[in-house]
Amino acid sequence: RRLLADGGRAATRETCAGSRAPAEPLPIGLVAELTYRCPLRCGYCSNPVQIDPVRDELTTAEWIAVLDQARELGVLQVHFSGGEPLLRADLPDLIGHARALGMYTNLITSGIGRLEHLGGVDHVQLSVQHADTPLADAIAGIKAHEKKIAAAGLIRRAGLPLTVNVVLHAANVDRLADIAAFAAGLGADRLELAHTQYYGWGLRNRAALMPSVAQVRRAALAAAEVHERWGGVMEIVYVEPDHHTGRPKPCMNGWGARQLAVTPTGVVLPCLAAQQLPGPPAPTVRQQGLADIWYHSELFNRYRGTAWMPSPCRDCELREVDFGGCRCQAFQLTGDPAATDPACSLSPHHGELAVLRKTPMIPRRYR
Ligand code: SF4
Ligand code: FES
């Protein structure tokens with residue numbers, strides 16, 4: 001099976017079953033959002049603010065069928081995520097099944113829960129809120145920091161590669177050096193420092209989370225120093241805040257191009273936040289096969305490629321680099337999901353972001 005140098009875009013390839021697929025990109029990754037339940041209460045959580053009842057979550061058999069169909073479709077990596085995936089008692093079975101299908105398995109976890117059964121896991125991403133215990137616990141909303149340190153030890157003793165994920169916001173962005181030293185102390189192979197994305201709870205709490213312009217400037221300098229100091233020990237990834245850079249993020253590496261997400265109740269989405277967009281109800285694995293959804297659903301085809309793009313994206317030389325930015329952010333900020341992402345300096349709405357940038361507010365408990 002051939003993976004194209006263009007990242008799997010606009011290809012015609014053979015599926016695992018040998019049948020010819022339409023001239024569409026194949027998904028490389030599946031984000032399996034096993035549950036939205038989570039013991040933490042982070043204010044930047046991208047989970048929907050209203051979630052389906054736990055009783056409606058996919059059963060083990062349904063998730064097994066999703067994994068089978070994903071592999072058949074060509075998926076190579078499964079990201080077991082949530083909420084907190086450790087809260088699903090069947091997680092070891094699902095990981096084992098994905099591994100048996102030959103897929104790379106990535107566990108995205110808070111580290112709070114039963115982490116003893118790591119068999120079949122290829123890589124772990126552990127979320128960390130801060131380097132200091134009281135501040136980290138304040139951000140997480142529970143006493144979690146010491147448990148995360150223990151979880152990192154467990155992951156390292158299991159011989160697994162460890163990425164430490166830190167979401168940056170007004171309450172921790174001035175402490176990148178401390179956070180990097182802390183991650184190195186945990187034995188991380190990779191540290192991802194990514195500014196908050198404003199979806200779900202993150203959108204609701206945007207005023208509290210948004211760093212000031214001065215903080216973002218300081219963070220860019222601190223990130224360079226962190227690279228200098230720790231780049232030889234672990235890989236450092238610093239994801240800039242698109243609200244401040246004038247450059248939109250290439251969200252999901254293009255709509256319906258590389259990844260798909262399945263929610264706890266089986267809704268299939270091109271990105272985790274797509275359910276907020278206006279339009280027909282999103283497809284679900286309880287009513288449709290995954291391949292049918294990927295190739296033929298209205299939702300996955302809505303912003304695929306570049307033909308849907310408005311001006312200025314339509315004629316922009318970067319349209320196949322950032323794909324016009326993020327559809328969900330465009331919708332949230334302009335009311336039109338097909339608009340150029342206002343994070344782009346060429347968007348007619350870009351000036352409106354300045355208002356958001358000027359209203360940071362750090363809650364007292366985080367100071
Ligand atoms: Fe990207 Fe569109 Fe901005 Fe060009 S105009 S940089 S394609 S968002
Ligand atoms: Fe939905 Fe970016 S989060 S397209």
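Conventions adopted
- Residues numbered from 1 in each chain as written.
- Chains lettered and ligands numbered in written order.
- Predicted model: local features only at pLDDT ≥ 70, side-chain atom pairs only at ≥ 80, totals over all residues.
- Heavy atoms only, no water.
- Helix = DSSP H or I, 4+ residues; strand = E, 2+ residues; numbered from the N terminus.
- Rg over C-alpha atoms; globule rule 2.2 N^0.38 Å.
- Contact = heavy atoms within 4.5 Å.
- Areas by Shrake-Rupley, 256 points an atom, 1.4 Å probe, with all protein chains shown as cover.
- Lys, Arg positive; Asp, Glu negative; His and termini not counted.
- Charge placed at Lys NZ, Arg CZ, Asp CG, Glu CD.
- Phe/Tyr/Trp six-rings, centres within 6.5 Å; stacked < 30°, edge-to-face > 60°.
- Lys NZ or Arg CZ within 6 Å of the ring centre and 35° of its normal.
- Buried < 20%, exposed > 50% of the residue type's maximum accessible area, 1.4 Å probe, protein only.
- Near = heavy atom within 4 Å.
- Nonpolar A, V, L, I, M, F, W, Y, C, P; charged D, E, K, R; others polar.

1. Structural notes on the overall build of the protein
When helices and strands are tallied, the protein shows 13 helices and nine strands. Taking 21 Å as the expected radius of gyration for a compact globule of 367 residues, we find that the protein reaches 20 Å, a close match to that expectation. Overall, the protein is about 55 × 50 × 40 Å in size when its C-alpha atoms are taken along their principal axes. Partitioning the contacts of the protein with sequence separation of at least 6, the portion at a separation of at least 24 is 69%. Carbon and sulfur atoms provide 54% of the accessible area of the protein, an area that totals close to 15900 Å². Between the mean site of the 38 positive side-chain charges and the mean site of the 36 negative ones, the protein shows a separation of 4 Å.

2. Things to note about the packing of aromatic side chains
Using the criterion set out here, one finds three aromatic pairs in the structure. Centre to centre, the rings of Trp294 and Phe300 are 5.5 Å apart; their planes meet at 55°, and the pair counts as tilted. The structure contains a cluster of three or more aromatic residues connected by ring pairs, namely Trp255, Tyr303 and Trp308. Positioned above the aromatic ring of Trp230, the side-chain terminus of Arg229 is 3.8 Å from the ring centre.

3. Points about unusual backbone geometry
The omega torsion of the bond from Gly82 to Gly83 falls at 15°, within 30 degrees of zero and hence cis. Of note in the backbone geometry, Phe323 takes a positive phi value of approximately 55° without being a glycine. Relative to the assigned elements, Phe323 resides in the loop between α11 (298-302) and α12 (327-334). Classification of Phe323 by relative accessible area gives buried; the value is 10%.

4. Observations regarding the site of ligand 1
In the neighbourhood of ligand 1, the contacting residues comprise Pro248, Pro312, Cys313, Cys316, Leu318, Arg319, Asp322, Gly324, Thr340, Cys344 and Leu346. For the shell around ligand 1, the per-class residue count stands at seven nonpolar, two polar and two charged.

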